[in-house]
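If you want the building blocks of each chain, they are given just below.
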Amino acid sequence: MSRRICILTQSHLCRNPRVVKEANLLADNGFDVSILTTFTYAGLLAEDRQLLHPSVKLNGVVDVMPETSQKAYRLYARLQRRLAGEAVARLGWQNPYALGYDYGRNLRAALKTQADLYLCHQEASTIIGTVLLRKGRRVGFDFEDWYSHDLLPEANRTRPLRLLENAERFALRNAHLCYTTSHAMAEAMAEFAQAPKPQVLLNVFPLAEREWMDGRFLDRNDFRTPSLHWYSQTIGPGRGLEFIVECLNMIDVPVQLHLRGNIFGGYDQTLLGMLKPGKGHVIHFHGLVPHRELLSRIAEHDIGLATEEYNPPSRNLTITNKILQYLLAGIPVLASDTAGQKEVAAQARDAVDLFKGKDHGSFVAVLLDWLKQPEKLKARRETALSLAKEKFCWEVEGARLLGWVEQLLMH
């Protein structure tokens, strides 16, 4: 009889590749895998399905897509979430309905599903996972972020932080399996909960994804000017982009800065307005691309930028997708010296250089060293890919997760 794994999450999988990798790994190894999630956009759902192993069951427990849901339910779900958030902000009511669409329906679906192991991703699922634990179910938690320490104060107004902290402590102390993205994060969470240190599962990607690379140049047409690449879901404040432009204003070697993501408000004009004329620098803005295409677009460039911030704490402690995907694409990385990124740099000294965050001189010195030595930069590209193949890939990390799950289900 096939062993049943139920993965709980609340976002589209193409925006949450960690769920995709875990589901496909387990399905490839004979597990009966189902995912309970939220369907928000039809276009993203189509991409989700393209990424999944054909045997994985994708269940839209909550569906707020205009194409497939009733208008009355969409209004209900959105109003419920908004009012729940305001109840947190105005009344201090620590309720899980503020963490996503229709927490109640998510909880009922999880309780109804019979699985040998539940793997919980994201905030609402963390709360649901604690309910499952109390009911005697076997539950694991993937702390992709430290949810209660993941946003700046202004973004936390409508989030039930005390509820999240209590759920995280309970999960870390009582779960059958906990894992997170870096040793720095694992150690901090263990101290916070006075619990055993979670396992570490890096945000790496399969080497097989390099087979998707198309060899095309769609981002750039100037190959004489060095090209820097940065990406995230959103191009906006609080991501170190102002700092990058300020640093470019300090150097006379012309570069291209390519930024990929959804532009927040008129933030593109803010960055362009900061750029000093006469230096020869150019900023290009690109929209998000499907995950299958991202590696190809990254590989067009010469240097990847991972300008993570020290605050909030989760951002300092984690190792993001970004730095590891640059290595898989075969480009070296200029990274801020956060606790998490120091872990990567320690194992990838010839492909990752660190600068001191918010220190313009530090960033400029490292960047100029690379730009003025093209042969050194070329060698670093080769090293980046070699390191990805050797240690920073899902083929290595996925085997660790499979071992944890297999061992857990043997008992």
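Up top you'll find the structure we're talking about.
Residues numbered from 1 in each chain as written. Predicted model: local features only at pLDDT ≥ 70, side-chain atom pairs only at ≥ 80, totals over all residues. Heavy atoms only, no water.

1. Topic: the overall build of the protein chain
At step 1: Secondary structure summary: the protein chain contains 16 helices and 13 strands in total.
At step 2: On C-alpha atoms alone, the protein chain measures out to a radius of gyration of 22 Å, which is about the 22 Å that the 2.2 N^0.38 rule sets for 411 residues.
At step 3: Once the C-alpha set of the protein chain is aligned to its principal axes, its extents read approximately 65 × 45 × 45 Å.
At step 4: Sorting the 411 residues of the protein chain into buried and exposed places 59% on the buried side.
At step 5: Sequence-distant contacts in the protein chain: of pairs separated by 6 or more residues, those separated by 24 or more amount to 72%. (Helix = DSSP H or I, 4+ residues; strand = E, 2+ residues; numbered from the N terminus. Rg over C-alpha atoms; globule rule 2.2 N^0.38 Å. Buried < 20%, exposed > 50% of the residue type's maximum accessible area, 1.4 Å probe, protein only. Contact = heavy atoms within 4.5 Å.)

2. Concerning helix 10 (residues 291–299)
At step 1: Judged by how many residues are buried, helix 10 sits mostly within the fold: seven of nine residues are covered.
At step 2: Among all positions of helix 10, only His-291, Leu-294, Leu-295, Ser-296, Arg-297, Ile-298 and Ala-299 are buried.

3. Let's talk about the packing of aromatic side chains
At step 1: All told, the structure shown has 11 aromatic pairs when counted by the stated rule.
At step 2: Arranged with centres 5.4 Å apart and planes meeting at 75°, the rings of Tyr-97 and Tyr-103 form a pair that is edge-to-face.
At step 3: Residue classification places Tyr-103 among the buried positions, given a relative accessible area of 8%.
At step 4: Counting every residue linked through ring pairs, the aromatic cluster contains Phe-141, Phe-143 and Tyr-147.
At step 5: Across the ring face of Tyr-101, the terminal group of Arg-81 is positioned such that the distance to the ring centre comes to 4.9 Å.
At step 6: One cation-aromatic arrangement involves Arg-134 over Phe-170; the distance from NZ or CZ to the ring centre is 3.9 Å. (Phe/Tyr/Trp six-rings, centres within 6.5 Å; stacked < 30°, edge-to-face > 60°. Lys NZ or Arg CZ within 6 Å of the ring centre and 35° of its normal.)

4. Description of the sheet that holds strand 12 (residues 333–336)
At step 1: The strand order across the open sheet formed by six strands is 10-9-8-11-12-13, and the pairing between neighbours is parallel. Each end of this open sheet is capped by a strand with a single partner; those strands are strand 10 (282–286) and strand 13 (352–355). Pairwise comparison of adjacent strand axes, ignoring direction, gives a mean angle of 25° for this sheet.
At step 2: As judged from the seven bridges shared by strand 8 (residues 227–235) and strand 9 (residues 256–263), these two strands associate in the parallel manner. When the bridges of strand 9 are listed, Leu-228 appears paired with Leu-257.
At step 3: Sheet contacts for helix 13 (residues 339–347): strand 11 (303–306), strand 12 and strand 13; angle to strand 13, the most-contacted strand, approximately 140°. (Pairing = 2+ DSSP bridges. Axes fitted to C-alpha atoms, helices over the stretch in contact; angles between N-to-C directions.)

5. With respect to the sheet that holds strand 3 (residues 57–63)
At step 1: With parallel pairing, seven strands are arranged side by side in an open sheet as 3-2-1-4-5-6-7. The open sheet has two edge strands with one neighbour each: strand 3 and strand 7 (199–200).
At step 2: Direction of pairing for strand 1 (residues 4–8) relative to strand 4 (residues 117–121): parallel, over a ladder of four bridges. Paired with Leu-8 across the strands is Cys-120, a residue of strand 4.

6. Let's talk about the packing of helix 5 (residues 123–134) against helix 6 (residues 161–174)
At step 1: Running from N to C, helix 5 and helix 6 point in directions that differ by 50°, and their axes come no closer than 9 Å. The angle between the axes of helix 5 and helix 6 places the two elements in the oblique class. Every pair of crossing elements has a handedness; the one defined by helix 5 and helix 6 is left-handed. In this structure, helix 5 uses Glu-123, Thr-126, Ile-127, Thr-130, Leu-133 and Arg-134 to contact helix 6, whose residues at the interface are Leu-163, Leu-164, Ala-167, Phe-170, Ala-171 and Asn-174.
At step 2: The residue inventory of the contact of helix 5 with helix 6, partitioned by class, reads seven nonpolar, three polar and two charged. (Parallel < 35°, antiparallel > 145°, perpendicular 65-115°, else oblique. Left-handed = near helix turned anticlockwise from the far one by under 90°. Nonpolar A, V, L, I, M, F, W, Y, C, P; charged D, E, K, R; others polar.)

7. Some points on the side chain of Ser-182
At step 1: Take Ser-182: it is sitting in the loop between strand 6 (177–180) and helix 7 (183–193).
At step 2: On the accessibility criterion, Ser-182 (0% relative accessible area) is buried.
At step 3: Among the polar contacts listed, one links the side chain of Ser-182 to the backbone oxygen of Leu-317, at a separation of 2.5 Å.
At step 4: Residues in contact with Ser-182, not counting those within four places in the same chain, are Val-200, Leu-317, Thr-318, Ile-319 and Glu-343. (Polar contact = N/O pair within 3.5 Å; in protein donor to acceptor, adjacent residues only side chain to side chain.)

8. Things to note about helix 1 (residues 17–28)
At step 1: Between the first and last C-alpha of helix 1 there are 16 Å, a value that for 12 residues agrees with the 16 Å anticipated at 1.5 Å per step.
At step 2: Listed in full, the buried residues belonging to helix 1 are Pro-17, Arg-18, Val-19, Val-20, Lys-21, Glu-22, Ala-23, Asn-24, Leu-25, Leu-26 and Ala-27.
At step 3: One or two positions beyond helix 1, positive phi appears at Gly-30, with a value near 90°. (Expected span 1.5 Å × (residues − 1).)

9. What to know about the pairing of strand 13
At step 1: By the bridge criterion, four bridges tie strand 12 to strand 13 in an arrangement that is parallel. In the sheet register, Val-333 faces strand 13, and the bridge partner there is Val-352.

10. Things to note about the packing of helix 1 against helix 16 (residues 394–409)
At step 1: Where helix 1 meets helix 16, the axes come as close as 10 Å, and the angle between the chain directions of the two elements is 65°. As summarised for this structure, helix 1 and helix 16 are arranged roughly perpendicular, according to the angle between their axes. Both helix 1 and helix 16 take part in a crossing whose hand is right-handed. Seen from helix 1, the contacting residues are Lys-21, Glu-22, Leu-25 and Leu-26; seen from helix 16, they are Trp-394, Gly-398, Leu-401, Leu-402 and Val-405.
At step 2: Residue classes in the contact of helix 1 with helix 16 are distributed as six nonpolar, one polar and two charged.

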